[in-house]
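Listed here are the chains, written in short residue letters.
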Amino acid sequence: MAEFTYHRPARLTEAGDLMATLPGARLLAGGTDLLNDLDAGLVSAQHVISLRDIPELGSITERADSIAVGAGCTIAAIEASPVIHKYFPELLSVGLVFATPQVKHRATLGGNICSAVACGDFPVILTALQAEVTLYSAEGTRSVPMREFPLANRKTCRRDSEILTEIIIPKKPPAALARYEKFRRRAAGSLAVASVAVYLDLDGTRCRQARIVLGAVAPSPVNAVEAAALLQQKDLTPEVIRQAADLARKAARPITDVRATAEYRRELIFVLTQRALRAMVGYHGEIR
Amino acid sequence: MLSVSNTDYFDLELTVNGTPVRRRIPTHLRLLDFLREELGLTGTKEVCGEGECGACTVLLDGLTVDACLIFAVETHGMEITTIEGLSRNGNLTPLQQAFIDHHSVQCGFCIPGMILSGEQMLRDHEQLTREEIRQDLSGNICRCTGYQKIVDAIESVSRDRR
Amino acid sequence: MKKYSYIGTAQNRIDAAGKVTGETKFLADLPVREAVFAAPVYASVPYGRVLSVDLTKARKYTGYLDFISAEDIPGVNEVGVILQDQPLFARPVVRYVGDTIGLIIADTATAALNCARQVKIDCEPYRPVFTIEDSKQMTEGFLHDSNLACEHRVEKGDIARGFELADHIIEASFSTPAQEHYYLEPQGCIAVPEPGGKISIIASLQCPFYVQKAVGRVLGIPYAHVRVEQAPTGGAFGGKEDVPSEVCARAAVAARKIGKPVQLIYTRNDDIQLTSKRHPFTMQYKVGVTKAGKLVAAQILLEQNSGAYATLSSVVSYRASVQAMGPYVVPNVSILSRSYYTNLPPNGAFRGFGSPQATFGHERMMDIIARRLQMDPVELRLKNIIRENEETVTGQKISHGAGAAETLKRARDAAGWNSSGTSRLSSDRYVTALGVATCHYGNCLGAAGWSLDGSAVHLSLLRDGSITVAFGLVEMGQGALTAVAQMTAEALAVDIARITVLPTSTDQVPDSGPSVASRNIVMTGQAILNAAQKLRPILRTAAARLLDCEESEVSFAGDRASNTLTGAHIGFTELADFLYLNNYPMSTTGWWHVPSLKFDAAKGAGEAYFTYSYATHVAKVRVDKLTGLVKVEKFWAAHDVGRAVNPAGIEGQVEGGVTQGIGWALTEQLVFDEGRVISPNLSTYLLPTAADSAEVDTAILEFPEPEGPWGARGIGEPAIIPVAAAIANAVSRAVGKQFYQLPLTPESVLSALSSISG
């Protein structure tokens with residue numbers, strides 16, 4: 001690993017100024033991706049800016065119609081947060097299938113989003129929850145919907161001078177719920193072969209609104225718009241669910257790699273979508 | 001704000017195993033190398049070097065972390081416990097003793113990390129089921145034991161203190 | 001059954017305290033004074049001819065000191081463990097990505113690695129082969145004299161006649177993949193030049209005497225000038241059988257040239273790319289069976305992918321061939337086993353040594369036959385299992401083999417086995433089933449390795465009554481130190497607290513052969529008994545003098561010597577002091593070798609191994625019907641170990657073996673692209689975590705082996721041998737379709753499920 005100049009600003013404005021004056025500087029949050037990427041030579045850094053001491057990045061706050069999660073919150077901190085327990089229990093279930101306990105103590109929500117690896121977990125569920133991210137730079141701040149933030153594998157619309165500061169997740173209507181289904185080869189500490197996040201606003205078994213987002217089957221999360229549209233204003237019968245799952249499968253654009261073939265990933269999307277929807281509506285058991 | 005150039009050294013101050021430590025280190029030094037090479041705390045092992053196996057698990061401000069994925073500079077002002085910091089004056093912790101009594105050790109390379117993960121688990125949870133222990137141990141890879149006797153050891157300490 | 005003081009009691013490990021406190025110093029933890037550091041420079045093409053090695057950029061790097069290669073070898077450039085086909089430093093032909101051309105020496109380990117990356121090797125590429133099939137098809141440009149590394153045959157009875165007697169002839173082909181050892185501690189050594197042209201090596205290894213020979217040969221010095229000490233070793237599993245000979249001999253050449261201690265520790269990526277794996281096998285079975293379920297004929301072809309060099313292929317092939325029909329009686333047999341060179345990293349020793357592969361073949365076959373006959377798989381096995389006074393496929397009469405059938409019964413009963421189909425429980429998401437597999441394992445090196453099959457210990461009594469034991473095999477995690485202490489205490493009838501087991505070093509004991517083939521308990525145990533037998537008359541004479549009685553009246557038990565008539569006694573400490581003051585000899589070397597074996601290698605007939613361990617495993621699996629994901633829920637393992645020395649250690653071996661077998665069966669996949677491993681890390685090569693491994697219910701059966709110490713046999717490898725077969729049998733029963741290949745990826749299981757429902 002090569003040497004670098006280390007900066008540890010205590011205020012967001014200082015960090016913003018550094019980013020403006022040091023093009024190519026790397027932001028360091030939990031480091032669980034950055035150290036591996038530096039070691040593997042995937043990225044290089046002459047300047048590393050640590051976000052450790054910037055207090056506002058580490059808070060989780062409730063607002064009138066949303067929850068703001070500081071980008072520097074670790075996954076473990078999110079799992080321990082009463083606010084998250086109250087409003088977004090679905091994020092806890094993502095935590096359960098995310099990495100290892102050691103990594104969860106360091107890895108941050110902002111880091112998981114900014115790393116933007118194709119098999120990442122949180123971008124998928126946050127897209128389904130219609131989260132927005134706030135980007136800060138010396139020039140000002142802007143908001144970007146989560147669904148527009150990742151551009152490709154390891155690529156986002158964050159500009160070089162910008163810092164992801166918070167993730168704003170709108171509170172759900174009372175009857176709405178979300179669910180994350182992830183398939184992995186091992187029971188723990190294993191990356192997604194395919195994953196599905198589903199958001200449903202329900203009136204009994206009737207769907208007011210739905211969103212279905214697919215993970216690890218394209219360079220970035222796929223909004224399965226047609227699959228979700230099919231559910232809209234319908235009674236979610238097993239057959240409707242099956243049709244939506246079939247549309248989700250068609251929306252996937254997977255590749256074959258060391259983890260699985262593209263074919264199998266498509267099949268997984270069908271199974272996981274159906275599995276999520278059936279569980280959310282309350283059907284017992286599984287069908288193909 | 002603090003800035004340390006790549007030609008300079010960083011004056012790291014932290015507490016390791018209860019003792020204040022001060023060292024000049026290069027900015028890109030991993031915590032793992034700092035512990036092993038600067039402080040000679042070789043109980044912390046390197047296996048995969050990429051945060052998958054947990055052999056380099058230490059407690060950072062009381063939380064298990066992989067020391068291979070942290071720059072030492074990031075731990076400035078913090079507290080670290082390594083395997084060497086658990087037993088005091090030759091007295092083993094109940095969990096260390098349980099690893100001996102339950103035959104949980106084979107080659108031993110994963111054991112320091114396993115014990116630190118176990119210590120955190122026991123601190124965080126009043127009671128632990130075998131399933132919970134297995135889930136919480138999932139960041140620590142062992143190639144010898146099949147984990148069963150490691151789970152036995154952690155479960156026994158959890159049970160005995162009730 | 002005779003009650004012993006230490007044999008058969010669960011003893012805490014004597015090396016555990018240092019390991020739970022972090023005090024145990026593994027190789028990388030040892031301080032080395034004035035050391036320089038080495039990193040390997042190796043071929044990046046799978047097959048080719050080195051035209052030039054350009055060091056220009058590496059030399060400019062801060063810390064660069066030297067480059068060591070074939071020209072620097074004072075002795076022979078050869079490190080093959082059995083066949084002489086493997087150069088220490090390849091030149092000019094390289095045969096796999098990882099074939100080592102030289103070592104960069106630098107003043108830090110990091111600098112050495114960085115320099116090694118800067119070396120430019122220009123190669124004329126040859127057309128490589130990666131599969132057994134392609135290797136067989138090759139007509140020119142062979143890897144060595146031919147692409148066939150070795151072959152073994154087993155012929156018994158009349159195979160044609162055997163098939164005529166059969167009511168059913170059942171054929172199937174199987175294949176099993178490579179497996180990476182992933183011992184947690186990588187390969188490594190420190191080579192220290194000593195005055196007078198001698199050298200000392202300290203390394204993470206299994207076979208110090210292999211290293212001694214390899215280093216002696218490449219340096220061209222007497223073996224007596226090479227001292228090899230084993231460092232505490234962080235796992236091996238066969239992966240540190242022959243490979244450390246390469247690692248240490250390379251470092252030794254560098255240390256000799258530079259005149260300073262050289263540390264060479266592989267990075268994890270290099271370790272995976274450069275070192276041996278479990279042999280991939282393809283297997284064709286044709287088995288004849290009567291309506292009643294009696295096996296009458298078996299024709300078997302086993303083919304192995306040897307990789308670039310033969311390393312241990314010939315003995316893996318030998319073991320697989322004689323064990324290819326498992327612990328069953330088959331009167332007519334024709335088995336051919338062949339190993340082919342390819343341009344992959346050499347495949348070599350890995351726990352089980354061809355047995356897990358062959359067991360996958362014969363145990364899948366038994367289930368397929370049972371299904372054809374509509375017979376319960378356990379019942380079919382019990383009809384054919386070898387019993388006392390019956391013959392193995394090599395015609396070896398088993399005089400003490402009752403344990404085989406008993407392991408089957410014990411595992412069956414413990415698991416609550418029902419006849420086929422009825423143990424299949426299903427919900428709409430999952431289907432659950434049990435699968436069974438039985439195996440035998442020839443202990444020690446067998447007829448093919450008999451000349452190496454002797455081992456030693458050196459016992460010394462000290463004046464204060466403490467005792468040191470040096471043994472020639474090693475502790476690599478399996479619990480050897482503790483078992484050696486137990487056996488020594490038992491043999492001398494002393495308190496175990498008196499015993500200190502020394503780190504293994506070649507200058508302590510005679511060449512004891514390799515620490516492989518589950519042979520430590522048997523070999524070291526017998527050597528301890530031999531040493532105790534030599535010391536006993538001396539102790540008896542001294543005790544009789546002290547107790548003022550006849551020697552025949554002295555008995556030893558409970559850490560003291562007693563006069564059996566009067567009950568008068570003296571403690572062992574007092575006895576030791578008396579021995580010292582009266583100039584009695586207080587140390588001795590014990591030796592044991594495996595009884596001679598009559599074996600006709602051309603026909604594969606005779607005594608293949610001097611004794612066999614037996615095991616049966618039952619796996620309970622849960623298959624997700626919609627994704628094909630297999631979860632192992634529970635394992636029942638019954639092992640006939642002859643006599644348990646340390647039951648807790650046996651359980652540990654079995655639990656670990658099962659987990660390693662689960663990995664091989666389900667998740668561990670080495671993926672190569674043009675000879676380069678593209679699953680070189682733990683996010684792509686998936687080892688079982690605590691959440692993936694199953695609870696194992698271990699039953700220890702004891703049918704003593706007369707030639708084993710206290711009746712004991714080996715356990716290390718039997719622990720893994722039936723695991724994958726049991727899982728595959730369970731998944732086949734759950735899904736209702738036969739599986740012929742490992743690993744059982746979710747994708748392959750789902751595709752089988754789809755072919756049924758669709």
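Residues numbered from 1 in each chain as written. Chains lettered and ligands numbered in written order. Predicted model: local features only at pLDDT ≥ 70, side-chain atom pairs only at ≥ 80, totals over all residues. Heavy atoms only, no water.

Q: Would you mind showing me how to read the overall build of chain A here?
A: The helix and strand inventory of chain A stands at 11 helices and 14 strands. For chain A, the C-alpha radius of gyration of 19 Å lies close to 19 Å, the compact-globule estimate for 288 residues. Considering only C-alpha atoms, chain A reaches an extent of 60 × 45 × 30 Å along its principal axes. A total of 288 residues make up chain A; the buried ones form 58% of that total. For chain A, long-range pairs separated by at least 24 residues make up 61% of all intrachain contacts whose partners lie at least 6 apart in sequence. With the model as given, the accessible surface of chain A reaches about 11,100 Å², and the carbon-plus-sulfur share is 50%. Counting 35 positive and 30 negative side-chain charges, chain A places the averaged centre of each group 5 Å from the other. (Helix = DSSP H or I, 4+ residues; strand = E, 2+ residues; numbered from the N terminus. Rg over C-alpha atoms; globule rule 2.2 N^0.38 Å. Buried < 20%, exposed > 50% of the residue type's maximum accessible area, 1.4 Å probe, protein only. Contact = heavy atoms within 4.5 Å. Areas by Shrake-Rupley, 256 points an atom, 1.4 Å probe, with all protein chains shown as cover. Lys, Arg positive; Asp, Glu negative; His and termini not counted. Charge placed at Lys NZ, Arg CZ, Asp CG, Glu CD.)

Q: What is the right way to read helix 3 (residues 109–118) of chain C from this model?
A: In an α-helix, one full turn covers 3.6 residues, which means residues spaced three or four apart are oriented alike. All names here are of chain C. Listed as buried for helix 3 are A111, A112, C115 and A116. The arc that holds every buried residue of helix 3, seen down its axis, measures 135°, which confines them to one face. Of the surrounding secondary structure, the elements contacted by the buried residues of helix 3 are strand 1 (36–42), helix 2 (56–60), strand 3 (64–69) and strand 5 (100–106). (Arc of directions from axis to C-beta.)

Q: Can you help me understand the pattern of salt bridges in this one?
A: Once the charged atoms of two side chains with opposite charge are near each other, the side chains can pair. Within this structure, the stated rule accounts for 65 salt bridges over all chains. Between C:D29 and B:K45 there is a salt bridge whose closest N-O contact spans 2.4 Å. Of this pair, C:D29 sits in the loop between helix 1 (16–21) and strand 1 while B:K45 is found in the loop between helix 1 (31–38) and strand 4 (57–60), placing the two residues in two different chains. Summarising the burial analysis for this pair, C:D29 and B:K45 share the class buried. Between C:K257 and C:D66 there is a salt bridge; the shortest N-O distance is 3.2 Å. Pair noted here: C:K257 is in helix 7 (residues 243–258) and C:D66 is in strand 3, with a separation of 191 residues, a long-range link. (Salt bridge = Lys/Arg side-chain N within 4 Å of Asp/Glu carboxyl O.)

Q: Help me understand the packing of helix 16 (residues 647–667) of chain C against helix 17 (residues 723–735) of chain C, please; the structure alone is not making it clear to me.
A: To describe two helices that pack against each other, one gives the angle between their axes and the distance between the axes. Residues and elements named next belong to chain C. Contact geometry of helix 16 with helix 17 gives a least axis separation of 8 Å together with a crossing angle of 55°. Here helix 16 is positioned oblique relative to helix 17, judged by the angle of their axes. At the point where helix 16 passes helix 17, the crossing takes the right-handed sense. Note on element contacts: helix 17 touches helix 16 through V723, A724 and I727, opposite G657, V658, G661, I662, W664, A665 and L666. Of the residues that constitute the contact of helix 16 with helix 17, the class distribution is 8 nonpolar, 2 polar and no charged. (Axes fitted to C-alpha atoms, helices over the stretch in contact; angles between N-to-C directions. Parallel < 35°, antiparallel > 145°, perpendicular 65-115°, else oblique. Left-handed = near helix turned anticlockwise from the far one by under 90°. Nonpolar A, V, L, I, M, F, W, Y, C, P; charged D, E, K, R; others polar.)

Q: Quick question: what am I supposed to make of the domain arrangement of chain C here?
A: It is common to give the size of an interface as the accessible area lost on bringing the parts into contact. All names here are of chain C. Entries for chain C in the domain assignment read domain 1 (16–22 + 454–593), domain 2 (34–126 + 190–265) and domain 3 (281–447 + 600–757). A straight line from the C-alpha centre of domain 1 to that of domain 3 covers 38 Å. Contact residues are listed per partner, giving 19 residues for domain 1 and 20 residues for domain 3. At the boundary of domain 1 with domain 3, total buried surface from both sides reaches about 1,500 Å², with 69% on carbon and sulfur atoms. Linking domain 1 with domain 3 are 0 salt bridges, by the criterion used here. Counting across the domain 1 and domain 3 interface gives 6 residue pairs in polar contact (both at pLDDT 80 or more). Of all the secondary-structure elements, those providing two or more residues to the side of domain 1 that touches domain 3 are helix 13 (480–492) and helix 14 (520–547). Grouping the amino acids of the side of domain 1 that touches domain 3 by side-chain chemistry returns 11 nonpolar, 6 polar and 2 charged. (Domains from an automatic or database assignment. Buried area = accessible area lost by both parts, 1.4 Å probe. Polar contact = N/O pair within 3.5 Å; in protein donor to acceptor, adjacent residues only side chain to side chain.)

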